[in-house]
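# Results of the structural survey
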Amino acid sequence: MSTFTRRELLRMSGISLASGLVLAACGKQAGVVDDNAITILGQSPVTTPLADAEVTDAVLLRTAASLEYNAIETYTTALDLGVFTGDLRKVAEIAKRFSADHKDHADAVNSLAVKLGAKEFRCSNTRISESYILPALKLITANDNPNQAIDIVALAHAVENLAAQTYQGVVAMLTDPMLRADAIRIGQQEARHAAILAQILNPGLKNVGPTSDTKTGKPNIAAVPTEFGSLANIQLVIGKPKPDGTRTTLLLETPSLNSLVYDFVACEA
Amino acid sequence: MLSPSDIKLLAFAQTLELTTRDIYAAVLTRKSLSDDESALLEQFHAHHVAYEQTLNGLLSKNALNKRDEAIYESFNAKLSEAQNIWVALLEIENIMIASHTKAIETIESAKVAALVASIITVEARHAAILASQTTTNISMALDNNTSALVAS
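Calculation rules
Residues numbered from 1 in each chain as written. Chains lettered and ligands numbered in written order. Predicted model: local features only at pLDDT ≥ 70, side-chain atom pairs only at ≥ 80, totals over all residues. Heavy atoms only, no water. Helix = DSSP H or I, 4+ residues; strand = E, 2+ residues; numbered from the N terminus. Buried < 20%, exposed > 50% of the residue type's maximum accessible area, 1.4 Å probe, protein only. Contact = heavy atoms within 4.5 Å. Areas by Shrake-Rupley, 256 points an atom, 1.4 Å probe, with all protein chains shown as cover. 1 Å grid on protein atoms, 1.4 Å probe; cavity = no way out; pocket = protein on both sides within 12 Å on 5 of 7 lines; lining within 4 Å. Points joined across faces, edges and corners; volume = space filled by probe spheres on them. Expected span 1.5 Å × (residues − 1). Salt bridge = Lys/Arg side-chain N within 4 Å of Asp/Glu carboxyl O. Nonpolar A, V, L, I, M, F, W, Y, C, P; charged D, E, K, R; others polar.

Before going further, it helps to spend a moment on the overall build of chain A. Within chain A, the secondary structure is distributed over 6 helices and 2 strands. Counting from the amino terminus, helix and strand elements in chain A follow one another as α-α-α-α-α-α-β-β. Taking all 269 residues of chain A together, the buried fraction comes to 42%. Sequence-distant contacts, at least 24 apart, represent 71% of the contacts inside chain A between residues at least 6 apart. Surface summary for chain A: the accessible area is close to 15200 Å², and the carbon and sulfur share equals 57%.

Quantified by volume, the largest pocket comes out at close to 1100 Å³. Looking at the largest pocket, it is lined by 36 residues, and the ones nearest its centre are P219(A), N220(A), I221(A), Q235(A) and V237(A). Residue assignment for the lining of the largest pocket shows that the elements contributing at least two residues are helix 5 (148-171) and strand 1 (234-238) of chain A together with helix 5 (110-132) of chain B. Here the lining of the largest pocket takes 8 residues from helix 5 of chain A, the largest share from any one element.

When the terminal C-alpha atoms of helix 1 (residues 4-27) of chain B are compared, their 35 Å separation across 24 residues agrees well with the 34 Å that a helix rising 1.5 Å per residue should span. Of all 24 residues in helix 1 of chain B, 19 are buried; the element is thus mostly enclosed.

The next point concerns the interface of chain B and chain A. Quoted interface sizes are often the accessible area lost when the parts come together. Of the residues lining the interface, 41 residues belong to chain B; the matching set on chain A comes to 37 residues. Counting across the chain B and chain A interface gives 2 salt bridges. For D143(B), the salt bridge is made with R97(A), and the minimal N-O distance between the two is 2.8 Å. Looking at the side of chain B that touches chain A, the elements that each hand over two or more residues are helix 2 (35-59), helix 4 (85-104), helix 5 and helix 6 (138-142) of chain B. Counting residues per element, the side of chain B that touches chain A draws most heavily on helix 5 of chain B, which supplies 16 residues. By residue class, the composition of the side of chain B that touches chain A is 22 nonpolar, 13 polar and 6 charged.

Quick look at the structure:
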């Protein structure tokens, strides 16, 4: 039980309020001139203000263009690996067609960005490369990875899903309805790419819809995994199997505020 | 609150989804389908049920709740030959994608446009799988040469 009386409690709250007012009055709001009486140790660094980072329609389109280059680079790497042999020979032709589609998509979205007065962006998204694609390629191309060919297809599948989700996601963010339609016109073709690659990774009509691994309970790759287009993160399971049989899982997410291609972002290539 | 223009566009989209739902239902009565084919088409049918019901929920009292008889009958005629099933279903999915995309050009609400976009990306996956059942020509799975249907 508290030993304070009601009167004491009221008095204490009054003192607290008064103290707050005094402290507030000592701030800049009260017009107090800084006389530099408070010393600091050392030099305080000069700060450079961040550039204005407004998420405009042009920024969203430039970001979409950057993902197209991520996809093109993924297919170029896949083809350069020379692993599509035997049963996977047809994948090389598919990769060439998909890569050509991405070049067309990049031209299309860059053209839209230029119409809005922005500069075109003809490089891959650095953050997407550094966060997802390069770590994935390191695992895939490791000498002791016995699944290089199928893993590079898995990466391409993940990148296609990322692109489809990005276009679907920007529909809610673009301000111009015509641009929303342009975005999903491209996004729907990325979804088709993803569905075709999913059937290479997990073939058969039984595996078109969602299924799960009987051992791990984790979802298998599916051409049509959900009834509405998902914007959830994308699982990519690749690399050499560990002693317990599991493999590394990377989670890919669509570009966020820290990976958008703002007006001030220039190609590093 | 939907604008009158969005109500009109969504009501038409619902009509198209109802029509597609019924086209799948008609195909599913075919005895020529294998178990795997039936399971696949039941799944796609269920998706169109979900789309129609979602649009119905958005439209509430403005929902039309009726299919387009002319489109339904034209596809019924195409489906009379068993070998046409996959091509016909591919065509209706591509029509859905083209029509919904056309609707997004004028839908005012960004949230509603995003919902329709989430339908389009899955219908595109349907189309790719349906194409793979009828041809090895990858262009059939990737390209959409159908024309959009628009609300009158």
